[in-house]
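# A structural walkthrough
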Amino acid sequence: MPSQYWLMKSEPDECSIDDALGAPDQTVPWTGVRNYQARNFMRDAMHVGDGVLFYHSSCPEPGIAGIARVASGTRPDPTQFDPDSPYYDKASKQDAPRWLLLDVQALRKTRLLSLAEMRDSPALSSMRVLQRGNRLSITPVTAEEWAAVTALVK
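All residue numbers refer to positions counted from 1 along the written sequence of the respective chain. Where local features are concerned, this predicted model is filtered to residues with pLDDT of at least 70; where side-chain atom pairs are given and counted, the filter is 80 or more; whole-chain, interface and lining totals use all residues. Water and hydrogen atoms were dropped before computing side-chain values, which therefore reflect all heavy atoms in the structure.

## With respect to the packing of aromatic side chains
Each aromatic ring pair is described using two quantities: the centre-to-centre distance and the angle formed by the ring planes. What counts here: Here the aromatic set is Phe, Tyr and Trp, taking the six-membered ring for Trp, and pairing holds for ring centres within 6.5 Å; pairs whose planes are under 30 degrees apart are stacked, those over 60 apart are edge-to-face, and all others are tilted. A run of H or I in DSSP counts as a helix once it spans at least four residues, and a run of E counts as a strand once it spans at least two, with each numbered from the N terminus. Exposed residues in this analysis have more than 50% of their type's maximum accessible area, buried residues have under 20%, and partly exposed residues fall in between, with area computed by a 1.4 Å probe over protein chains only.
This structure, assessed with the given rule, holds four aromatic pairs. Between Trp6 and Phe41, the aromatic rings sit 5.4 Å apart at their centres with planes inclined by 50°, giving tilted as the arrangement. Of this pair, Trp6 sits in strand S1 (residues 5-10) while Phe41 is found in helix H2 (residues 36-45), placing the two residues 35 residues apart along the sequence. Each member of the pair, Trp6 together with Phe41, is buried. Relative to Phe54, the ring of Trp30 lies with its centre 5.3 Å away and its plane at 80°, an arrangement referred to as edge-to-face. On the criterion of sequence distance, the pair formed by Trp30 in the loop between strand S2 (27-29) and H2 and Phe54 in strand S3 (residues 51-56) is long-range, its members being 24 residues apart.

## As for the environment of Gly22
Here Gly22 shows up in helix H1 (residues 17-22). You can call Gly22 exposed: its relative accessible area is 65%. Along the chain, Gly22 and Asp89 lie 67 residues apart, while their C-alpha atoms are 29 Å from each other.

In structure tokens form, the structure reads like this:
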């Protein structure tokens with residue numbers, strides 16, 4: 001049983017739960033995080049084996065689309081050094097990278113638990129992704145929220 005839980009947002013046009021399930025070992029590098037708080041969660045708080053709610057964002061129907069797990073520790077995100085990448089950061093240097101990634105392993109696709117359905121669930125009312133103004137791509141999830149979500153998507 002994972003000891004910590006996270007919600008990680010991905011735009012399905014970039015990496016969907018289906019893309020992750022189709023990747024070698026069902027594992028994808030979580031690139032493109034460009035928020036210091038989200039980066040710090042990866043660097044300081046996330047550990048191999050932690051549970052992940054795979055969330056589709058910036059799409060017609062956002063919501064939780066799968067269950068995954070953290071599959072590696074952090075390392076520098078190579079997209080920060082690639083001038084052709086939308087995640088390029090000209091201020092980041094090879095010897096002092098600003099941005100990190102970790103690998104996420106998809107475990108299973110679930111039915112889509114829509115944002116609207118999440119908002120209608122009293123058990124999820126305090127979930128960070130539902131809080132006004134929250135735009136972080138990675139947020140902690142409590143054990144109670146994890147249990148409620150996994151029960152709703154069975």
